[in-house]
Amino acid sequence: MPMKAIIPAGSGKPIAPFSPGAMADGVLYVSGTLPFDKENNVVHPGDAAAQTRHVLELIKSVIEAAGGTMADVTMNHIFVTDWANYAAVNAVYAEYFPGDKPARYCIQCGLVKPEALVEIATVAHIGR
């Protein structure tokens, strides 16, 4: 089945050649999502919880543009720049996944902009 790019209305231009989401055979792959505004500036500098909320809202917009909900998420790949922010990320994350939790992993690494504290990539099964 061919891949379809998913780009929510009002999305900013990506900083690299990718789409916010790609759908194929009922599976939505959401690109690594950073706490960027439409001009690719980092929002909420120094606040891991606010950045996580912003990232999850962006992810939610991609999923909804594909016809799904956050309940369709099956896997999250989480990247943090500092383990000191892990609890803040988890507190906000739990608000978005109150029922059965998707599979996930979390690693510490550097991100494309030093002010970004968290990045999340997501897989959701929509439809089928």
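Described below are features of the structure shown in this document. Note that the structure is a prediction, hence the values are computed from the model and not measured. (Residues numbered from 1 in each chain as written. Predicted model: local features only at pLDDT ≥ 70, side-chain atom pairs only at ≥ 80, totals over all residues. Heavy atoms only, no water.)

1. Considering the overall build of the chain
- Assigned secondary structure in the chain consists of two helices and six strands.
- Scanning the chain from its N terminus toward the C terminus, one meets helices and strands in the order β-β-β-α-β-α-β-β.
- Each principal axis of the C-alpha atoms in the chain carries an extent, and together these give about 40 × 35 × 20 Å.
- Within the chain, the fraction of its 128 residues that count as buried is 42%.
- Counted over contacts in the chain with a minimum sequence separation of 6, partners at least 24 positions apart contribute 69%.
- Surface exposure of the chain reaches about 6700 Å², of which carbon and sulfur atoms provide 57%.
- Of the side chains in the chain, 9 bear a positive and 12 a negative charge, and the two mean positions are spaced by 5 Å. (Helix = DSSP H or I, 4+ residues; strand = E, 2+ residues; numbered from the N terminus. Buried < 20%, exposed > 50% of the residue type's maximum accessible area, 1.4 Å probe, protein only. Contact = heavy atoms within 4.5 Å. Areas by Shrake-Rupley, 256 points an atom, 1.4 Å probe, with all protein chains shown as cover. Lys, Arg positive; Asp, Glu negative; His and termini not counted. Charge placed at Lys NZ, Arg CZ, Asp CG, Glu CD.)

2. Quick look at the packing of aromatic side chains
- Following the criterion strictly, the structure yields three aromatic pairs and no others.
- Ring centres of Phe79 and Tyr105 lie 6.3 Å apart, and the angle between their planes is 90 degrees; this geometry places the pair in the edge-to-face category. Highlighted residues: Phe79 in strand 4 (residues 73-80) and Tyr105 in strand 5 (residues 103-108), separated in sequence by 26 residues.
- When its relative accessible area of 36% is taken as the criterion, Tyr105 is described as partly exposed.
- Look at Tyr93 and Phe97: their rings are 4.7 Å apart centre to centre, the planes differ by 40 degrees, and that puts the pair in the tilted class. (Phe/Tyr/Trp six-rings, centres within 6.5 Å; stacked < 30°, edge-to-face > 60°.)

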